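Here's the letter readout for the chains.
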Amino acid sequence: MSSVGEIALRYQLQRGDFSLQVALQLPLSGITGIFGASGAGKTTLLRCIAGLEEAPGSELLVAGERWQDAISSRPAHAREIGYVFQEPRLFSHLDVRANIEYGMRRSPRREAAEFAAVIALLGIDKLLDRKPAELSGGEAQRVAIARALMRAPRFVLMDEPLASLDAARKSEILPYLERLHAESSIPIFYVSHNIDEICCLCDHLVVLDNGHVAASGELQSVLVRMDLPQVMGDAAGSILDGRIANFDANYSLSLLTFAGGELWLPGQLGNIGDRYRLRIRANDVSLSRKRPRDTTVLNLLDVVIEAVQDAPPATQLVRLLAGQQRLVARITRRSREELNLQPGDRVVAQVKAVAVRRPELGE
Amino acid sequence: MDLGPLWLSVQLASITMLLLLLIGTPLGWWLARTRSRLRPVLQAIVALPIVLPPTVLGFYLLILLGPAGSLGEWWFRLSGESLTFSFAGLVIASCIYSLPFAVQPIMSAFEAVRQSDLEAAWTLGADRRDAFFSIALPQSLRGYLNAAILSFAHTLGEFGVVLMVGGNIPGETRVISIAIYDQVESLQYAAAHQLSAILLVFAFAVLLAMFALNRQWRQQ
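Computed from a prediction, not measured in an experiment: that's the story for all the values here. (Residues numbered from 1 in each chain as written. Chains lettered and ligands numbered in written order. Predicted model: local features only at pLDDT ≥ 70, side-chain atom pairs only at ≥ 80, totals over all residues. Heavy atoms only, no water.)

Draft legend 1. Looking closely at the overall build of chain B. For chain B, the helix and strand inventory stands at 11 helices and 0 strands. Along chain B, helices and strands appear, N-terminal first, in the series α-α-α-α-α-α-α-α-α-α-α. Considered along the principal axes of its C-alpha atoms, chain B spans approximately 65 × 45 × 30 Å. The proportion of buried residues among the 220 residues of chain B is 44%. (Helix = DSSP H or I, 4+ residues; strand = E, 2+ residues; numbered from the N terminus. Buried < 20%, exposed > 50% of the residue type's maximum accessible area, 1.4 Å probe, protein only.)

Draft legend 2. Here's a closer look at the overall build of chain A. Along chain A, the regular secondary structure elements total 9 helices and 19 strands. Projecting the C-alpha coordinates of chain A onto the three principal axes gives extents of approximately 65 × 50 × 35 Å. Counting across all 363 residues of chain A, residues that qualify as buried make up 53%. Pairs at least 24 residues apart make up 67% of the contacts formed inside chain A by residues separated by at least 6 positions. Only carbon and sulfur atoms are counted for the fraction: they give 47% of the accessible area of chain A, which is about 15800 Å². (Contact = heavy atoms within 4.5 Å. Areas by Shrake-Rupley, 256 points an atom, 1.4 Å probe, with all protein chains shown as cover.)

Draft legend 3. Just the pairing of strand β16 (residues 299-311) of chain A, in detail. Residue and element names in this part refer to chain A. As paired strands, β16 and strand β19 (residues 346-351) are joined by 6 bridges and run antiparallel to one another. Each residue of the ladder has a partner; that of Leu-300, found in β19, is Gln-350. Both β16 and strand β17 (residues 315-322) contribute to a ladder of 7 bridges, which runs antiparallel. Bridged to Val-304 within β17 is Leu-321. What sits between the antiparallel neighbours β16 and β17 is a turn of 3 residues. (Pairing = 2+ DSSP bridges.)

Draft legend 4. Region of interest: the sheet that holds strand β15 (residues 285-288) of chain A. All names here are of chain A. A sheet is described by the order of its strands in space; here 5 strands give the open sequence β15-β19-β16-β17-β18, paired in antiparallel fashion. Strands at the two margins of the open sheet, each flanked by one partner only, are β15 and β18 (325-332). Averaged over all pairs of adjacent strands, the angle between strand axes in this sheet comes to 45°, irrespective of strand direction. Relative to β18, β17 is paired through 8 bridges, and the arrangement is antiparallel. Following the sheet pairing, Leu-321 is matched in β18 by Arg-326. (Axes fitted to C-alpha atoms, helices over the stretch in contact; angles between N-to-C directions.)

Draft legend 5. Expanded view of the packing of aromatic side chains. Within this structure, the stated rule accounts for 13 aromatic pairs over all chains. Aromatic pair Trp-29 of chain B and Phe-110 of chain B: ring centres 5.0 Å apart, planes at 90°, arrangement edge-to-face. With Trp-29 of chain B in helix α1 (residues 4-33) and Phe-110 of chain B in helix α5 (residues 87-111), this pair connects stretches of sequence that are 81 residues apart. By relative accessible area, which is 23% here, Trp-29 of chain B ends up partly exposed. An aromatic cluster of at least three residues, connected via ring pairs, comprises Trp-29, Phe-110, Phe-132, Phe-133 and Tyr-144 of chain B. Directly above the aromatic system of Phe-85 of chain A lies the positively charged group of Arg-89 of chain A, at a separation of 3.7 Å from the ring centroid. In this arrangement the basic side chain of Arg-128 of chain B is found over the ring face of Trp-122 of chain B, its NZ or CZ atom lying 3.9 Å from the centre. (Phe/Tyr/Trp six-rings, centres within 6.5 Å; stacked < 30°, edge-to-face > 60°. Lys NZ or Arg CZ within 6 Å of the ring centre and 35° of its normal.)

Draft legend 6. Local environment of helix α3 (residues 54-65) of chain B. Residue and element names in this part refer to chain B. Taking 1.5 Å of rise per residue, 12 residues should cover 16 Å, and α3 covers 15 Å from first to last C-alpha, within 8% of that figure. Residues of α3 that are buried include every one of Leu-57, Gly-58, Leu-61 and Leu-65, and no others. In a view along the axis of α3, the buried residues occupy a sector of 95°, so they form one face of it. On the buried face of α3, the contacting elements are α2 (39-51), α4 (70-79), α5 and α9 (160-165). (Expected span 1.5 Å × (residues − 1). Arc of directions from axis to C-beta.)

Draft legend 7. Representation of the confidence of the model for chain B in the model. In this model, chain B carries a mean pLDDT of 89, and residues with pLDDT of at least 70 account for 99%. Among the prediction metrics, the complex's ipTM stands at 0.85, with pTM recorded as 0.85. (pLDDT = per-residue confidence, 0-100.)

Draft legend 8. Region of interest: the sheet that holds strand β13 (residues 261-266) of chain A. All names here are of chain A. If you walk across this open sheet you meet the 4 strands as β13-β12-β11-β14, and the pairing is antiparallel. Two strands bound the open sheet, and with one partner strand each, they are β13 and β14 (275-281). Going from strand to strand, the sheet's axes swing by 45° on average, the running direction of each strand aside. Note: strand β12 (residues 253-258) against β13, 6 bridges, orientation antiparallel. Pairing of Phe-258 across the sheet is with Gly-261, part of β13.

Draft legend 9. Fine view of the confidence of the model for chain A. All names here are of chain A. Per-residue pLDDT for chain A has a mean of 87; in total, 95% of the residues score no lower than 70. For chain A, helix α8 (residues 229-232) is the element with the lowest average pLDDT, namely 73, and strand β7 (residues 155-159) is the one with the highest, namely 95. Overall, residues 359-363 carries pLDDT values under 50, and its contacts beyond four positions in sequence, including any with other chains, amount to 14 contacts.

Draft legend 10. Here's a closer look at the packing of helix α2 (residues 96-105) of chain A against helix α4 (residues 137-149) of chain A. Residues and elements named next belong to chain A. It is at 7 Å that the axes of α2 and α4 come closest, and there the two elements cross at 30°. If you check the angle between α2 and α4, you find them roughly parallel. Like other packed secondary-structure pairs, α2 and α4 cross with a definite hand, here right-handed. Across the interface between the two elements, Val-96, Asn-99 and Ile-100 of α2 pack against Val-143, Ala-146 and Arg-147 of α4. (Parallel < 35°, antiparallel > 145°, perpendicular 65-115°, else oblique. Left-handed = near helix turned anticlockwise from the far one by under 90°.)

Draft legend 11. Region of interest: α2 of chain A. Burial within α2 of chain A is extensive, with 7 of its 10 residues counted as buried. Considered for burial, the residues of α2 of chain A that qualify are Val-96, Asn-99, Ile-100, Glu-101, Tyr-102, Gly-103 and Met-104 of chain A.

Draft legend 12. Main features of the pairing of strand β5 (residues 65-68) of chain A. Residue and element names in this part refer to chain A. Sheet topology places strand β4 (residues 59-62) next to β5; 3 bridges connect them, and they run antiparallel. Among the inter-strand pairings, Leu-61 is bridged to a residue of β5, identified as Arg-66. In textbook terms, the turn of a hairpin is the stretch between consecutive antiparallel strands, and for β4 and β5 this stretch comprises 2 residues, one of which, Ala-63, has a positive phi near 50°.

Draft legend 13. Just a nonpolar patch on the surface, in detail. Residue and element names in this part refer to chain B. A cluster of nonpolar side chains, Ile-15, Leu-19, Leu-22 and Ile-23, forms an exposed patch at the surface whose accessible area comes to about 340 Å². On the secondary structure map, Leu-19 appears in helix α1. Residue Leu-19 is classed as partly exposed on the basis of its relative accessible area of 34%. (Patch = residues over 30% accessible without salt bridge, like charges linked within 9 Å, V, L, I, M, F, W, Y side chains within 5 Å. Salt bridge = Lys/Arg side-chain N within 4 Å of Asp/Glu carboxyl O.)

Draft legend 14. Broad picture of the interface of chain A and chain B. Tallying the contact residues gives 18 residues for chain A and 18 residues for chain B. Both sides of the chain A and chain B interface together cover about 1600 Å² of buried area, and 60% of this is carbon and sulfur. Considering only the side of chain A, the residues that lose the most area to chain B are His-77, His-93 and Tyr-102 of chain A, jointly responsible for 34% of the buried surface there. At the surface where chain A touches chain B, the tally comes to 3 salt bridges. (Buried area = accessible area lost by both parts, 1.4 Å probe.)

What follows is the structure, encoded as structure tokens:
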């Protein structure tokens, strides 16, 4: 059932009140985000894949190889995965170099040259002789990522690697993860309850809800699905991939174009021609019948309403088509009735430029 | 001055210490990690020698190790020698007598080893045994140092149990504490003074070294 480029799994387990029941086929390429509220089973799923949880009667196939089935289960140490935990979990009695070499020594297929590359990628070359106690939280987590990569894994599992860090440390690490995504072909499964991180990093998305798979697929197609308002909550929104077309130095605004329109964003976001990924929250998109005048909103897009979905109690989600790009707007039920918005209607979407985030992950 | 008893004591304490570090490793690991309901039972058994009078312990050991006892009989058939009133018997008695002083520090050290570190080691390709030797053991060195020193020092000061199962055979079971007792009994105070002073200074030096090392370790 699973092909070479895929991981196929079926897990069923019960832990007290919580039960995990998932069946998934995921691509062994790019970054797959696993999103859900706390308690949805994200960490348990990763631990199952890593072989850290006992889950009898489950199945795991990695690129056609049987790692777990009804009869046998490969122990964690034989699974050839890299695991980055929420906390760095560096070994306190070893220095940074020995920590990184720990997995390397136990891995049959690791080339020494990659050590230098991974060290450089994560910017930890100056930390090698330090003890874990002498590292900052962000540095320790970068070392933990390097350690997982040097184990020569088939894929890497990351369990909210940024969750234990404050906002400043997070923005210190995110660029390294983006570089990793851009420069290495290693598949990553990235657990997070932060939709911004997911939108920034991921290509595919799995949404977990209370131990079940609510959705799974390509990132944008899952984001604009209309049947998940309860699961997604405030995370509802969309991403938009475009290119930087212009920079207005006078007002310090960058112009981003995409198939279906253009948006002005504050600040110099990159060089002209650079690809750029935005996340537009449903809460930051409003609709009007006519093109408003005298508004402070810079960005107006002509869109067609595709679908409307109730998001109880007071709001509704509206999926919009701007060229080939989809957007999601959150409006109140009352506004929708007053404007009598119906699928197929042509309306104007006002997008707050501040809603827009993060550069796309390199070329 | 006859230093034979001192030398015998040091031999006995060294062998006992080494054996206890070996025994204490799996025992301490099991006690630190298990969720079994047998854990308190085993903990109580291990701690018994702290509470029991050496005479009680010695009495049972005498029976167990004697030619009629199960262990003693087995040993006699194997080696043709008696376990009581022999150095081998003293080693067995000392191991039981000093067991808690080796197991407790090792167990505490293993309890401080985080499960999360072991999990990380497994995901890095280490099997359980490998993770034990590469993570748990090196992180528990301080516990091993304490276990070594305490079991050594405690065996050195052993008296009651030795008297019960070992008697007073020079070169075989006449350890330093017995020798001192003997000398006092026969009013050889000068000789008793010498051996006692040696033991006093030695015990103090050992404890001082342990506490100083522990202090240094903590500051690192």
